[in-house]
Amino acid sequence: MTTARPDFDPELKAGLAVVGGVFPPTITPDLIAFMRRSYASPPIEDTLRGRPIARHEETIAGHGGDPITVSVLRPTAASGPRPGVLFVHSGGLMFGDRFSGADLVLDWVDRLGAVLVAVEYRLAPEFPDPYPREDVYAACEWAATHAERLGIRRDRFLVAGASSGGGLAAGLALAARDRGGPRLCGQVLDYPMLDDRGTTPSTGQFDGVGVWDRVSNETGWTALLGAARGGPDVSPYAAPARATDLGRLPPAFIDVGAAEIFRDEAIAYADGIWAAGGDAELHVWSGGFHAFDIFAPHTVLARGMIGTRDAWVEKVLAD
Amino acid sequence: MQELLGRISALDPEASLSLRVIACFDELVIGNVNTRALLSAAASLSGCTAGYHQDHPRRSMRVTPRGDVRPEEVLVPADAGSASEGLSVWLERDGAPHVNDAIILERLALAVRIRHGRGRRDLDNRRELGLLLDASVPVDDRRTAAARLGLAAGCRHRVVAAPLFAAWTDHPAGPQDVVPTPFGPIHAVVVPHDHPPVVASPAGTGVAGPVEQLHRSFRTALVALRLCLPPELPSVQADDYGGLVALLADTPADADLPDVDVLDTVMTHSWGGPTLDAVVRAGSVRQAARLAGVHHSTMQTRLDVIADVLGFDPFDGLGRSRVGMAYLVWRLRHSRVLDLPAPVRGNPMG
């Protein structure tokens, strides 16, 4: 009767006792407004305080030419062209902002000397597919076009995203390949939201427990795709698990928790890249619920995930 | 996590952050994590470095809010709290202590003591309520715990159970603590048996009993809590279910109950829940139709479907008891009340 599933790590369980009520496991459409308040990022000035990072904002043309905001964060000491990162935030396609979870990637700016471009892609359901992914694509093209002015090296530019942002990052890599867009030197896909169909065993295992369950995922995908969710007409740029060709993609770094619904789709995506002869590195963290590095970054498990990811980014990006 | 605590108090200014701190360390103790993990939780909750030192063998550690071990030589601050003989813990706070520092330090000291085999739970006077509500604790120990909590022998009380995120309109005064359960940490409060109904969402109030029977009150309060369906049914009194609530409390989660399993089929219909709810309350098909707000013939058609799926008539003899019990167990098995956040007062969602 009860579903068998891997247990959460004890430190993460303790974190859940604190998280309760801020990020419910089951997010239904009537909770979107609540999540927009509870998941809003803290003031960026606070996050940047004491770090040698300079920030400026730009308004660029998003999907359809509409204005969207990007933030450019660069090491204050940097001179000359630096490696670049396009950062795509988390939030189930429906909430969060360009700085959600940003503290985890700021180390790449002040430690590795990278320039970070954080894009305020528009959110579903007000802006359904293709708005979010085409806003991300537009930000990528903008960064490549303005690389000189932004002090970004075109030959060392990667995309990184978490959860819904991970799915959008994977979609961007596919679209850039197919459209002859900017060349990416890597794609960092943290516990990515890749598959709108919700049919994997891990999706069934974490129904109503932890962070981001089966119903939350349905809510997110329905916000993005409406009635098309799960049907035959979903673009692989929106739901990269739909892609039939995973060849000729930039090297991928994929991490995921063993105790979350995205476990199986993350493993399948890495497997698909390998089958196509590509470069993928996959880490599955035992006892990890969704986005545990954001909710409980102080835990041994999160230190491991963050350190492993940072080491890969350093390998690909650092001078 | 300090930032999360800040968000919680911004979302619900009346949220009890100290209970969350206690629940956090409860989980760490149950999970038997090491000293580094305990320090890192304390540092993360407080937002400043947490340290520990023991004399024999000499060993120290300081951990930052990000979970990094600080390599510098450790100097034990003069005001470090003593976890027990030769073992001290501290928070490296610059300036005035924050509101939760004391409770974080208290829980850290206790957890470190237990991890090092020096602590016994009965040294922890906050845990009297946990002892009182645990049927496996000898009854004399439970009586002692009740006395320490100020609950007079011979007086009848009830236990109110709520998740940590419950919204309380009126917080009852009385012994309270967070108690680990199979459903996660639960906030338990003891009130006199004739206390007016508690106004909180969600919350369950258990049956009344003397101090020796308060473990039963807690278990029935948990059943009542899991039967809540906010916002329509924000709180439930175990008394409303009479003797049934004790049966429900004693039914193991994995009990083999075919009548409950087949209800899954009925519940796939959008009318399944409301119809069964009306059936178990009604004395006749006509009354059930009225309660569900449907025509008599519609109700009869649905009842035919239900009888067909169940294999018995829900209005006939034992069928009434079978369907009633199965419906309640089904609701407990599918209860989501402990998953959902409380509505935030003054800031309606939407």
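The preceding data block contains the structure.
What this report covers is the structure whose coordinates are included nearby. (Residues numbered from 1 in each chain as written. Chains lettered and ligands numbered in written order. Predicted model: local features only at pLDDT ≥ 70, side-chain atom pairs only at ≥ 80, totals over all residues. Heavy atoms only, no water.)

1. Structural notes on the overall build of chain B
Consideration 1: The helix and strand inventory of chain B stands at 13 helices and 11 strands.
Consideration 2: The dimensions of chain B, computed from C-alpha atoms along their principal axes, are 80 × 50 × 35 Å.
Consideration 3: The burial tally for chain B puts 49% of its 350 residues in the buried class.
Consideration 4: For chain B, restricting intrachain contacts to residue pairs at least 6 apart in sequence, the fraction spanning at least 24 positions comes to 65%. (Helix = DSSP H or I, 4+ residues; strand = E, 2+ residues; numbered from the N terminus. Buried < 20%, exposed > 50% of the residue type's maximum accessible area, 1.4 Å probe, protein only. Contact = heavy atoms within 4.5 Å.)

2. Observations concerning the overall build of chain A
Consideration 1: A tally of helices and strands in chain A yields 12 helices and 8 strands.
Consideration 2: A compact globule built from 319 residues would reach a C-alpha radius of gyration of about 20 Å, and chain A, at 18 Å, matches this within 12%.
Consideration 3: Oriented by its inertia axes, the alpha-carbon framework of chain A measures out at about 60 × 45 × 40 Å.
Consideration 4: The burial tally for chain A puts 64% of its 319 residues in the buried class.
Consideration 5: Taking the intrachain contacts of chain A between residues at least 6 apart in sequence as the baseline, contacts between residues at least 24 apart amount to 76%.
Consideration 6: Here chain A has roughly 10,800 Å² of accessible surface; of this, 52% comes from carbon and sulfur atoms.
Consideration 7: Here chain A contributes 29 positive and 41 negative side-chain charges, whose respective centroids are spaced 3 Å apart. (Rg over C-alpha atoms; globule rule 2.2 N^0.38 Å. Areas by Shrake-Rupley, 256 points an atom, 1.4 Å probe, with all protein chains shown as cover. Lys, Arg positive; Asp, Glu negative; His and termini not counted. Charge placed at Lys NZ, Arg CZ, Asp CG, Glu CD.)

3. As for the interface of chain B and chain A
Consideration 1: Contact residues are listed per partner, giving 38 residues for chain B and 36 residues for chain A.
Consideration 2: Where chain B meets chain A, there are 3 salt bridges.
Consideration 3: A salt bridge links Asp213 of chain A to Arg336 of chain B; its shortest N-O distance comes to 3.2 Å.
Consideration 4: Summed over the shared surface of chain B and chain A, the result is 7 residue pairs in polar contact (both at pLDDT 80 or more).
Consideration 5: Counting residues per element, the ones that place at least two in the side of chain B that touches chain A are helix H1 (2–11), helix H2 (17–30), helix H3 (35–46) and helix H9 (258–267) of chain B.
Consideration 6: Its residues assigned to classes, the side of chain B that touches chain A shows 20 nonpolar, 6 polar and 12 charged. (Salt bridge = Lys/Arg side-chain N within 4 Å of Asp/Glu carboxyl O. Polar contact = N/O pair within 3.5 Å; in protein donor to acceptor, adjacent residues only side chain to side chain. Nonpolar A, V, L, I, M, F, W, Y, C, P; charged D, E, K, R; others polar.)

4. Thoughts on unusual backbone geometry
Consideration 1: With an omega of -15 degrees, the peptide bond between His56 of chain B and Pro57 of chain B qualifies as cis.
Consideration 2: By the element assignment, Pro57 of chain B lies in the loop between strand S1 (50–54) and strand S2 (59–63).
Consideration 3: For the bond running from Ser201 of chain B to Pro202 of chain B, omega is -10 degrees, close enough to zero to count as cis.
Consideration 4: Even without glycine at this site, Ser163 of chain A takes up a positive phi of about 60 degrees.

5. Digging into the packing of helix H10 (residues 272–281) of chain B against helix H11 (residues 285–292) of chain B
Residues and elements named next belong to chain B.
Consideration 1: It is at 8 Å that the axes of H10 and H11 come closest, and there the two elements cross at 135 degrees. With respect to H11, the axis of H10 lies oblique. As H10 packs across H11, the resulting crossing turns out to be right-handed. Judged by residue contacts, Pro274, Ala278, Val279 and Arg281 of H10 engage Ala288, Leu291 and Ala292 from H11. (Axes fitted to C-alpha atoms, helices over the stretch in contact; angles between N-to-C directions. Parallel < 35°, antiparallel > 145°, perpendicular 65-115°, else oblique. Left-handed = near helix turned anticlockwise from the far one by under 90°.)

6. A word on the environment of Phe206 of chain A
Residues and elements named next belong to chain A.
Consideration 1: Following the sequence through the fold, Phe206 ends up in the loop between helix H8 (201–205) and helix H9 (214–225).
Consideration 2: According to the relative accessible area criterion, Phe206 is buried, its value standing at 2%.
Consideration 3: Discounting chain neighbours no more than four positions away, the residues touching Phe206 are Arg5, Pro6, Phe8, Asp213, Arg214, Ala258, Ala259, Glu260, Ile261 and Arg263.

7. Points about the sheet that holds strand S1 (residues 53–61) of chain A
One key point about sheets: their strands pair by backbone hydrogen bonds, in either a parallel or an antiparallel sense.
Residues and elements named next belong to chain A.
Consideration 1: Ordered in space as S1-S2-S4-S3-S5-S6-S7-S8, the 8 strands form an open sheet in which the pairing is mixed. Because the sheet does not close on itself, it has two edges, and the strands there are S1 and strand S8 (280–285). Across this sheet, the average inter-strand angle for adjacent strands is 20 degrees, counted without regard to direction.
Consideration 2: Where strand S3 (residues 82–88) lies against strand S5 (residues 152–162), 6 bridges are found, and the strand directions are parallel. Pairing of Gly84 across the sheet is with Phe157, part of S5.
Consideration 3: Its contacts with the sheet place helix H7 (residues 164–179) against S3, S5 and strand S6 (186–190), and it is angled at close to 140 degrees to S5. (Pairing = 2+ DSSP bridges.)

8. Digging into the sheet that holds strand S11 (residues 235–237) of chain B
Residues and elements named next belong to chain B.
Consideration 1: Across the sheet, 5 strands lie side by side as S7-S8-S5-S10-S11; this open sheet has mixed pairing. If you trace the sheet from one side to the other, it starts and ends with strand S7 (176–181) and S11, each paired once. If you compare each strand with its neighbour and ignore which way they point, the axes differ by 25 degrees on average.
Consideration 2: Looking at chain direction, strand S5 (residues 157–162) and strand S8 (residues 184–192) are connected through 6 bridges and run antiparallel. Its bridge partner being in S8, Val159 is matched across the sheet by Val190.

9. Overview of the side chain of Arg158 of chain B
Residue and element names in this part refer to chain B.
Consideration 1: You can see Arg158 is positioned in strand S5.
Consideration 2: Looking at Arg158, its side chain comes within polar contact range of the main-chain oxygen of His193, at 2.9 Å.
Consideration 3: The contacts of Arg158, once residues within four sequence positions are left out, are Val189, Val190, Val191, Pro192, His193, Thr205, Gly206, Val207, Ala208, Leu214, Ser217 and Asp239.

10. Describing the side chain of Thr205 of chain B
Residue and element names in this part refer to chain B.
Consideration 1: Take Thr205: it is sitting in strand S10 (residues 203–205).
Consideration 2: Thr205 sits in the buried class, given a relative accessible area of 6%.
Consideration 3: In this view, Thr205 contacts Arg158, Val159, Val160, Val198, Ala221, Ala224, Val236, Gln237 and Ala238; residues no more than four positions away in its chain are not counted.

11. Some thoughts on helix H6 (residues 139–148) of chain B
Residue and element names in this part refer to chain B.
Consideration 1: Listed in full, the buried residues belonging to H6 are Arg142, Ala145 and Ala146. For H6, the buried positions fall inside an angular range of 100 degrees around the axis, keeping them on one side. Summarising the geometry of H6, the exposed residues directed more than 90 degrees from the buried face are Ala147 and Arg148.
Consideration 2: Each element contacted by the buried residues of H6 is listed here: helix H5 (128–132) and helix H7 (214–226).
Consideration 3: Of the residues trailing H6, Gly150 is marked for its positive phi of about 85 degrees. (Arc of directions from axis to C-beta.)

12. Observations concerning the packing of aromatic side chains
All names here are of chain A.
Consideration 1: If you walk through the whole model with that rule in mind, you get 6 aromatic pairs over all chains.
Consideration 2: Aromatic pair Phe8 and Phe289: ring centres 5.5 Å apart, planes at 85 degrees, arrangement edge-to-face. Here Phe289 lies in the loop between S8 and helix H11 (292–295) and Phe8 lies in the segment before helix H1 (10–19), a separation of 281 residues in the sequence.
Consideration 3: On the accessibility criterion, Phe289 (1% relative accessible area) is buried.
Consideration 4: Taking the ring centre of Phe127 as reference, the NZ or CZ of Arg122 above it sits at 5.2 Å.
Consideration 5: Here the basic side chain of Arg179 rests over the ring of Tyr137, its NZ or CZ set 4.5 Å away from the ring centre. (Phe/Tyr/Trp six-rings, centres within 6.5 Å; stacked < 30°, edge-to-face > 60°. Lys NZ or Arg CZ within 6 Å of the ring centre and 35° of its normal.)

13. Some words on helix H12 (residues 296–310) of chain B
Helical geometry note: an α-helix holds 3.6 residues per turn, so side chains three or four residues apart project in the same direction.
All names here are of chain B.
Consideration 1: Over its 15 residues, H12 extends 21 Å from the first C-alpha to the last, a length consistent with the 21 Å expected when each residue adds 1.5 Å.
Consideration 2: Where H12 is concerned, the buried positions are Met299, Arg302, Leu303, Ile306 and Leu310. Projected onto a plane normal to the axis of H12, the buried residues spread over an arc of 105 degrees and lie on a single side.
Consideration 3: Those residues of H12 hidden inside the fold are in contact with H9, H10, H11 and helix H13 (318–333).
Consideration 4: Downstream of H12 by one or two residues, Gly311 has phi in the positive range, about 85 degrees. (Expected span 1.5 Å × (residues − 1).)

Purely geometric stuff here, so don't read any function into it on its own.
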